[in-house]
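# Secondary and tertiary structure notes
Residues per chain are reported as follows:
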Amino acid sequence: MPHDPAPSRGEQTIADMRAEIDEIDGELVRLIQRRSEISHAIGAARASEGGTRIVYSREMKILDRFAVLGPAGTELGMLLLSLGRGQLGRR
């Protein structure tokens, strides 16, 4: 049964790659939290101006952006939109 050769000096080890993923995940969480804060602020500003808190045409543009990642990307976009809506978007 063939096995992968040991990594050369220029290659990352599994532990190195996992550490990099952990760093990326931490940054993603920070960015998602910031995105949600901004989204909540936009919703509050729109509501104070008498507008709707949700602009569906804007949400469709966001979903289109994530669609390049396939069906899971669209789900990710929906989750981000849900986080940004707060209680308003939950039924």
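Before any of the text, the structure's been laid out above.
Note that the structure is a prediction, hence the values are computed from the model and not measured.

Counted according to the given criterion, the structure contains three salt bridges. A salt bridge links Glu27 to Arg30, with the nearest nitrogen and oxygen atoms 2.7 Å apart. In this pair, Glu27 and Arg30 are both assigned in helix H1 (residues 14-48), three residues apart and thus about one turn of the helix distant. On the accessibility criterion, Arg30 (42% relative accessible area) is partly exposed. Between Arg85 and Glu59 there is a salt bridge, and its shortest N-O distance comes to 2.4 Å.

By size, the foremost hydrophobic cluster in this structure holds five residues: Ile62, Leu63, Phe66, Leu80 and Leu81. Looking at this core, the elements that each hand over two or more residues are helix H2 (56-66) and helix H3 (71-85). In terms of residues, this core owes the most to one element, H2, which gives three residues. When sequence neighbours within four positions are dropped, the list of residues in contact with Leu81 reads Arg35, Glu59, Ile62 and Leu63.

The rules we used
Residues numbered from 1 in each chain as written. Predicted model: local features only at pLDDT ≥ 70, side-chain atom pairs only at ≥ 80, totals over all residues. Heavy atoms only, no water. Salt bridge = Lys/Arg side-chain N within 4 Å of Asp/Glu carboxyl O. Helix = DSSP H or I, 4+ residues; strand = E, 2+ residues; numbered from the N terminus. Buried < 20%, exposed > 50% of the residue type's maximum accessible area, 1.4 Å probe, protein only. Core = buried A, V, L, I, M, F, W, Y, C linked by side-chain atoms within 4.5 Å. Contact = heavy atoms within 4.5 Å.

Just distances and angles here, no functional claims.
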